[in-house]
Amino acid sequence: MRQQQSRIGSNRTGVQMSPLDSRRMNEHRVDAPPPVLQSPSTAAMADMRARYIADAPALGSVPPPGSVKGVLSTGVAMLSGNSPQLLLDKLGERLAFERMSTRLYDALITKVRATADETGRTVVPLDMLLEHRDQEAEHFALLANSIERLGGDCTAQTPCADLAGVEATGLLQAVTDPRTTVVQSLHALLIAELADNSGWEILLALAASHKHDTMVREFGLAAEQERAHLQQVRAWFEHHTLGAPIAEPGKA
Ligand SMILES: [Fe+2]
């Protein structure tokens, strides 16, 4: 079952819809526009942004670990220059992202169920989406547990967690928009899985540099599952966009 994602309709957004107005607009066209930052309006905007940047506070901070064990281990690592606050910040980032990924899958599952045909056939297999969704939720729990083991507070929003939430807003909007098709939603999911794969690789390297062997082992398994998610989502998207065959699991 392939889903059509592009159709011809009454789109009126392009200049071809109004030849008279586009001809008049072209009469005022500047053939060689100045570099972007040199035009008066964009230069003024850049100046204003630069002032805001100079005065802006940091996005947030990493709270100190609350438990005695956490304070001690963080203190020791800080003394040895290992920046444990960076590890806590990146753990918070992945935690925020995995929470969002679970919601992305929840939203897509709703859309896939809602668009099943009369025989119950869906655009992508529901059981696989549910498996991915559950693994994202397990990764969220794993990260919360890892933060707690370091004496950190998994409910605290770290700077990178804040940033991850803002970055993901558009992806969630794309999938929860009732007008987007399953395949269009898969494109948003593909972006999420690409970012997720990169995020896990960085976190894995960071945990290894801090010599947290348990984290390295557990995060290695999570990263492996994320690689499989990316491979599968990309295969679904390419199948519905290019007509590419979907490889059997393990043969891609
Ligand atoms: Fe994933």
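Above this text you will find the structure in question.
Residues numbered from 1 in each chain as written. Predicted model: local features only at pLDDT ≥ 70, side-chain atom pairs only at ≥ 80, totals over all residues. Heavy atoms only, no water.

**Q** Give me the overall build of the protein chain: which residues, what numbers.
**A** Secondary structure assignment for the protein chain yields eight helices and zero strands. Its helices and strands in sequence order give the protein chain the pattern α-α-α-α-α-α-α-α, from N to C terminus. The buried share of the protein chain, reckoned over its 252 residues, is 36%. Summed over all atoms, the accessible surface of the protein chain reaches about 15600 Å², with 58% contributed by carbon and sulfur. (Helix = DSSP H or I, 4+ residues; strand = E, 2+ residues; numbered from the N terminus. Buried < 20%, exposed > 50% of the residue type's maximum accessible area, 1.4 Å probe, protein only. Areas by Shrake-Rupley, 256 points an atom, 1.4 Å probe, with all protein chains shown as cover.)

**Q** So what's going on with helix α2 (residues 40–55)? Which residues, and what values?
**A** With 16 residues, α2 extends 23 Å from end C-alpha to end C-alpha; this agrees with the ideal 22 Å at 1.5 Å per step. Here α2 lies mainly on the outside; zero of its 16 residues are buried. (Expected span 1.5 Å × (residues − 1).)

**Q** Which residues make up the side chain of S185, and what values do they have?
**A** Counting through the fold element by element, S185 comes out in helix α7 (residues 182–209). Looking at S185, its side chain comes within polar contact range of the side chain of K111, at 3.4 Å. A polar contact of 2.9 Å, which involves the side chain of S185, links it to the backbone oxygen of T181. Each residue touching S185, except ones within four places of it in the same chain, is listed here: L108, K111, A174, V175 and T180. (Polar contact = N/O pair within 3.5 Å; in protein donor to acceptor, adjacent residues only side chain to side chain. Contact = heavy atoms within 4.5 Å.)

**Q** So what's going on with the packing of helix α4 (residues 84–114) against α7? Which residues, and what values?
**A** Their axes nearest at 10 Å, the elements α4 and α7 cross at an angle of 160 degrees. By the angle class used here, α4 and α7 are roughly antiparallel. Crossing handedness for the pair α4 and α7: left-handed. Partitioning the contact of α4 with α7 into residue classes produces 18 nonpolar, three polar and six charged. (Axes fitted to C-alpha atoms, helices over the stretch in contact; angles between N-to-C directions. Parallel < 35°, antiparallel > 145°, perpendicular 65-115°, else oblique. Left-handed = near helix turned anticlockwise from the far one by under 90°. Nonpolar A, V, L, I, M, F, W, Y, C, P; charged D, E, K, R; others polar.)

**Q** Just give me the short version of a nonpolar patch on the surface, but keep the residues and values in it.
**A** On the surface, M45, M48 and Y52 cluster together into a nonpolar patch covering about 330 Å² of accessible area. Mapped onto the secondary structure, Y52 falls in helix α2. (Patch = residues over 30% accessible without salt bridge, like charges linked within 9 Å, V, L, I, M, F, W, Y side chains within 5 Å. Salt bridge = Lys/Arg side-chain N within 4 Å of Asp/Glu carboxyl O.)

**Q** Before we move on, can you summarise the nonpolar core with the specific residues and values?
**A** L104, L108, V124, L129, L186, L189 and V233 are the most contacted members of the largest nonpolar core, which totals 25 residues. Those elements that provide at least two residues to this core are α4, α6 (159–176), α7 and α8 (213–242). A total of eight residues in this core trace back to one element, the largest contributor, which is α4. When residues no more than four places from it in sequence are discounted, the contact partners of L129 are Y105, L108, I109, V112, V124 and W236. Core analysis: the second largest hydrophobic core is formed by 18 residues, L142, A144, L206 and A207 among them. (Core = buried A, V, L, I, M, F, W, Y, C linked by side-chain atoms within 4.5 Å.)

**Q** Now, about the packing of α7 against α8: what can you tell me, with residues and values included?
**A** Angle between the axes and distance between the axes are the two parameters that describe a pair of packed helices. As a packed pair, α7 and α8 sit with axes 9 Å apart at the nearest point and diverge in direction by 160 degrees. It follows from the interaxial angle that α7 and α8 lie roughly antiparallel. Like other packed secondary-structure pairs, α7 and α8 cross with a definite hand, here left-handed. Taken together, the residues of the contact of α7 with α8 break down into 19 nonpolar, six polar and five charged.

**Q** Mind laying out unusual backbone geometry, listing which residues take part and the relevant values?
**A** Positive phi, normally seen in glycine, also occurs at K211, with a value near 60 degrees. As for its position among the elements, K211 is in the loop between α7 and α8. Overall, the relative accessible area of 66% leaves K211 in the exposed class.

**Q** Describe the pattern of salt bridges, and please don't skip the residues or the numbers.
**A** With the rule as written, the count across this model stands at nine salt bridges. For R149, the salt bridge goes to E218, with nearest N and O atoms at 3.1 Å. With R149 in helix α5 (residues 126–149) and E218 in helix α8, the pair connects residues that are 69 residues apart, well separated along the chain. With relative accessibility at 31%, the residue R149 sits in the partly exposed group. Overlapping salt bridges, with partners in common, bring together K90, E93, R94 and D196 in one network.

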